[in-house]
Amino acid sequence: MKINIVKQEGKYMEMEFSGEGHTLLNLLQDSLLEDKNVEMAGYSKPHPLMDRSNLFIRLRRGERHLDTIKKAVANADGKLDEFLADFEKSLAETVS
Amino acid sequence: MNTKIVSLNEDTIRFLVDGVNAAFANSLRRTMVAEVPIMTVEDIFYFDNSSIVPDEVLAHRIGFVPLTTDLDNYVLPEECDCEAELGCPKCRAGLTMDIEAKDDTVTVYSGDLVPEDPSIAPVSKRIPLAKLAPGQAIKFEAYAQLGQGKVHAKWSPVSMCVYQNVAFVDVEDEAATKECLDACGDDVAVIEGGVLKVIDIQGFERCRRCRELVRHEEIIGGLKKDEFLFTVESTGGLPPERIVKEAVKMLKQKLSTLKGKIEADDLHDEIRDFDLPEINEGKLYSVGSGDFDEDEGGNEEPQGDDVA
């Protein structure tokens, strides 16, 4: 995973990812949109054959984009943890 | 969030997830299809192939033979510290084949592949690979590696991985529906508090009686946005439940890489339009053994001075 901040002006930030696509960014976008302070979050792939994507974020207040992303990552991570715990529990019930 | 296993056997798992959105479900599906690694034959060295199947066609067929995978004892070649072109015992497993047709025509099956490590063996012994006429023979050494479905479809651990929404429908005639569901089975639909929960829409509509009781439009109108039925069918390389668990692990790893990069303030990498994978030293294709003798075949190449 390679990351490059293309633009960071006030409430807006644009980031470039290499080696990541819909798998990570769709999850991240959704997680970002759950944040009340995020006015807009989206991503695009310039071309389906390129291994690159762009992420756009605009906040309502403040300029702490990276903290917002970190929060979104923690949120998505929590959901995955919860799913895995739940899945293993129901698996144990099924097998036994 | 709530999950429930609908059915599980050695190659297919069907489970319900409640309280997640489509983005989560799709990320999970994409990870299972393209990122969870399994073992597949990648390099083959032929000693003899006098069959009518050309080397590269046979190699392609063998690449698609599913092999049982031991994820705990092998690592991806790009993550291995051996840096050898053909890998080391930590990142590759050998398989050999030595078969000759003597007096009769012989069909070569995947079961004729002899694994070096018994934990990396063909899932099915009954996949035909080639046919040999009397006197023909195939002899080769193959190396299996871990890989990901995004590089080549042969490394995808699932033959099918799909999800669909679950529908909730109000039933008019509960007694009749119940009677029909008793025959259809509770992995298709269940009645919960006077509401019919259609788990498997296609399975439900396969029954004519069910179809008459609940119209298709009602099911489509009653789709629940945050509950999904996943169907994961493994190729046999990994148990289906393991694929789901590995997918969650891989997604978590991606997120932690991103978090680590933000924390380390490593956010100004150079990104080119097309990054070639580093495993082949920037070359587009990996060339088997690598060192081909350019002068092979006795053709005399003009010397540097003469060309000028």
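Structure first, text after, so check above.
Calculation criteria
Residues numbered from 1 in each chain as written. Chains lettered and ligands numbered in written order. Predicted model: local features only at pLDDT ≥ 70, side-chain atom pairs only at ≥ 80, totals over all residues. Heavy atoms only, no water. Helix = DSSP H or I, 4+ residues; strand = E, 2+ residues; numbered from the N terminus. Buried < 20%, exposed > 50% of the residue type's maximum accessible area, 1.4 Å probe, protein only. Contact = heavy atoms within 4.5 Å. Areas by Shrake-Rupley, 256 points an atom, 1.4 Å probe, with all protein chains shown as cover. Rg over C-alpha atoms; globule rule 2.2 N^0.38 Å. Lys, Arg positive; Asp, Glu negative; His and termini not counted. Charge placed at Lys NZ, Arg CZ, Asp CG, Glu CD. Pairing = 2+ DSSP bridges. Axes fitted to C-alpha atoms, helices over the stretch in contact; angles between N-to-C directions. Buried area = accessible area lost by both parts, 1.4 Å probe. Salt bridge = Lys/Arg side-chain N within 4 Å of Asp/Glu carboxyl O. Polar contact = N/O pair within 3.5 Å; in protein donor to acceptor, adjacent residues only side chain to side chain.

What follows covers the overall build of chain B. The number of helices and strands found in chain B is eight helices and twelve strands. When burial is assessed residue by residue, chain B has 43% of its 308 residues classed as buried. For chain B, the share of sequence-separated contacts (at least 6 apart) that also reach a separation of at least 24 residues comes to 72%. Only carbon and sulfur atoms are counted for the fraction: they give 47% of the accessible area of chain B, which is about 16,800 Å².

This part is about the overall build of chain A. In terms of regular secondary structure, chain A is built from two helices and four strands. In chain A, the succession of helices and strands from N to C terminus is β-β-α-β-β-α. In terms of C-alpha radius of gyration, chain A reaches 16 Å, well past the compact-globule figure of 12 Å for 96 residues. Taken over 96 residues, chain A has a buried fraction of 51%. The long-range fraction of contacts in chain A, counting pairs at least 24 apart against all pairs at least 6 apart in sequence, stands at 50%. In the form shown here, chain A has an accessible surface area of approximately 4,700 Å², with 48% of it arising from carbon and sulfur atoms. Between the averaged position of the 14 positive side-chain charges in chain A and that of its 17 negative side-chain charges there is a distance of 7 Å.

This brings us to the sheet that holds strand β12 (residues 223-234) of chain B. Read across the open sheet, the six strands follow the order β1-β2-β12-β9-β11-β10 (chain B); overall the sheet is antiparallel. Two strands close off the open sheet at either side, each with one partner strand: β1 (2-8) and β10 (189-192) of chain B. The mean angle between the axes of side-by-side strands here comes to 20°, regardless of whether they run parallel or antiparallel. For β10 of chain B and strand β11 (residues 195-198) of chain B, the ladder comprises four bridges, and the chain directions are antiparallel. In the strand pairing of β11 of chain B, I191 of chain B is matched with L196 of chain B. Across the sheet, helix α2 (residues 65-95) of chain A lies against β1 and β2 (12-18) of chain B, angled at about 40° from β1 of chain B, the strand it touches most.

On to the interface of chain B and chain A, then. Contacts between the two partners involve 42 residues from chain B and, on the opposite side, 40 residues from chain A. Taking both sides of the interface into account, the surface hidden between chain B and chain A amounts to around 4,100 Å²; carbon and sulfur atoms contribute 69%. Applying the counting criterion to the chain B and chain A interface returns three salt bridges. The partner of K252 of chain B in a salt bridge is D77 of chain A, with the nearest N and O atoms 3.4 Å apart. Across the contact surface, chain B and chain A share 13 residue pairs in polar contact (both at pLDDT 80 or more). For the side of chain B that touches chain A, the secondary structure elements donating two or more residues are β1, β2, α1 (22-34) and α7 (240-263) of chain B. Ranked by residue count, the leading element in the side of chain B that touches chain A is α7 of chain B, at 14 residues.

Another point: the pattern of salt bridges. Residue and element names in this part refer to chain B. Counted by the stated rule, this structure contains 26 salt bridges over all chains. Measuring nitrogen to oxygen at the nearest pair gives 3.1 Å for the salt bridge that ties D18 to K224. Taken together, the residues span a long stretch of sequence, with D18 in strand β2 and K224 in strand β12 at a distance of 206 residues. A salt bridge links K249 to E246, with the shortest nitrogen-to-oxygen separation between them at 3.4 Å. Of the two residues, K249 and E246 are both situated in helix α7; the distance of three residues between them amounts to about one turn of the helix.

Residue and element names in this part refer to chain B. Mapped onto the secondary structure, V158 falls in strand β9 (residues 158-170). Each C-alpha atom of the pair V158 and V33 lies 6.1 Å from the other, and the pair is 125 residues apart in sequence. Residues within four places of V158 in sequence aside, it is in contact with M32, V33, V232, E233, S234, T235 and I243.

Residue and element names in this part refer to chain A. Spatially, the four strands line up as an open sheet ordered β1-β2-β4-β3, and their pairing is antiparallel. Since the sheet does not close on itself, it has two edges, and those belong to β1 (2-9) and β3 (38-44), each with one partner. Averaged over all pairs of adjacent strands, the angle between strand axes in this sheet comes to 15°, irrespective of strand direction. Strand direction decides the pairing type here: strand β2 (residues 12-18) and strand β4 (residues 52-59), joined by seven bridges, are antiparallel. Bridging across to β4, E14 finds its partner in F56. Strand contacts of α2: β1, β2, β3 and β4, with the helix running at about 55° to β2, the strand carrying the most contacts.

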